[in-house]
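Geometric and topological summary
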Amino acid sequence: VQFVESGGGSVQAGGSLRLSCVVSGTPFNINVMGWYRQAPGKERELVATINTSGSTDYADFVKGRFTISRDNSEDIVYLQMNSLKPEDTAVYHCHVRNILNWPYWGQGTQVTVSS
């Protein structure tokens, strides 16, 4: 399975970034796509997920600031991140589950928010 993650970088607090993740090579169709993040010294945590029907789930700490979307025809998932805070600094990992619920992870893209 191949992941091409992009859009990470450095931004000042209050700024915006848009992450993209293109997935290919999964056995069977993808069901859920999403983003997790891991800050230094912390466990990986859910940011947002979206299924093929467009139903979304967000962590409380990003509600109202981040928006997840996907292109089902191309197996691409996006994460629009607005009003970024220093505590959003982390490596953001793309995550997918196929229809058999097999999980796959991208290598991650760094997001750094300075105050």
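Refer to the preceding data block for the structure.
One structure accompanies this document, and this report is about it. Each chain has its residues counted from 1, running along the sequence as written. Two thresholds apply to this predicted model, a pLDDT of at least 70 for residue-level local features and 80 or more for giving and counting side-chain atom pairs, whereas whole-chain, interface and lining totals are computed over all residues. Heavy atoms from the whole structure form the basis of all side-chain values; hydrogens and water molecules are not counted.

**Description of the pattern of salt bridges**
As a reminder of what qualifies: Salt bridge, as used here, is a side-chain nitrogen of Lys or Arg placed within 4 Å of a carboxyl oxygen of Asp or Glu. Residue exposure (1.4 Å probe, protein chains only): buried if accessible area is under 20% of the type maximum, exposed if over 50%, otherwise partly exposed. The helix and strand labels rest on DSSP assignments: H or I over at least four residues marks a helix, E over at least two residues marks a strand, and numbering proceeds from the N terminus.
Across all of its chains, the model carries four salt bridges by this definition. Close ionic contact of D60 with K63 constitutes a salt bridge, the shortest N to O distance being 3.1 Å. The exposed category is assigned to D60, whose relative accessible area is 63%. With a relative accessible area of 51%, K63 lands in the exposed category. In this structure, the salt-bridge partner of D88 is R65, at a minimum N-O distance of 2.7 Å. Within this pair, whereas D88 is found in the loop between strand 8 (76-81) and strand 9 (90-98), its partner R65 is found in the loop between strand 6 (56-58) and strand 7 (66-71), the two being separated by 23 residues in sequence. Side by side, D88 and R65 carry an identical accessibility label, which is buried.

**Considering the pairing of strand 5 (residues 45-50)**
Residues in a regular strand point their side chains to alternate faces of the sheet. Our working definition: Any two strands are treated as partners once DSSP identifies two or more bridges connecting them.
Here five bridges tie strand 4 (residues 30-38) to strand 5, and the two strands are oriented antiparallel to one another. Looking across to strand 5, one finds that W35 is bridged to A48. Counted along the chain from strand 4 to the antiparallel partner strand 5, the turn is six residues long, and its residue G41 has a positive phi close to 75 degrees. Examined bridge by bridge, strand 5 and strand 6 share three bridges and lie antiparallel to one another. Each bridged residue has a counterpart across the sheet, and for T49 the counterpart in strand 6 is D57. Where strand 5 folds back on strand 6, the antiparallel hairpin that results is connected by five residues, among which G54 adopts a positive phi of roughly 95 degrees.

**Regarding the environment of R18**
The cut-off we apply is this: Residue contacts follow a heavy-atom distance rule, with two residues in contact if any of their heavy atoms lie within 4.5 Å.
Positionally, R18 belongs in strand 3 (residues 17-24). Excluding residues that lie within four positions of it along the chain, R18 makes contacts with S6, G7, Y78, L79 and Q80.

**What about the sheet that holds strand 7?**
As a reminder of what qualifies: Fitting a line to C-alpha atoms yields each axis, with helices limited to the stretch in contact; the angle taken between N-to-C directions then spans 0 to 180 degrees.
If you trace the four strands from one edge of the open sheet to the other, you get 1-3-8-7, paired in antiparallel fashion. Across the chains shown, the open sheet's two edge strands, defined by having one partner strand only, are strand 1 (2-6) and strand 7. When the angles between neighbouring strand axes are averaged without regard to direction, this sheet yields 15 degrees. Pairing analysis gives six bridges linking strand 3 to strand 8, with the strands arranged antiparallel. Each residue of the ladder has a partner; that of V22, found in strand 8, is I76.

**Observations concerning the state of the cysteines**
A covalent bond between the sulfur atoms of two cysteines is referred to as a disulfide. Rule in force here: The disulfide definition used here is simple: a pair of cysteine sulfur atoms within 2.5 Å.
Scanning all chains against the criterion turns up one disulfide. Between the sulfur of C21 and that of C94 lies a disulfide, 2.2 Å long from S to S. Disulfide C21-C94: the torsion about the S-S bond is -90 degrees, which places it as left-handed. Of this pair, C21 sits in strand 3 while C94 sits in strand 9, and the two are 73 residues apart along the sequence. Here the two residues C21 and C94 agree in accessibility, since each one is buried.

**Quick word on the pairing of strand 3**
Direction of pairing for strand 1 relative to strand 3: antiparallel, over a ladder of five bridges. The residue bridging Q2 from the neighbouring strand is S24, located in strand 3.

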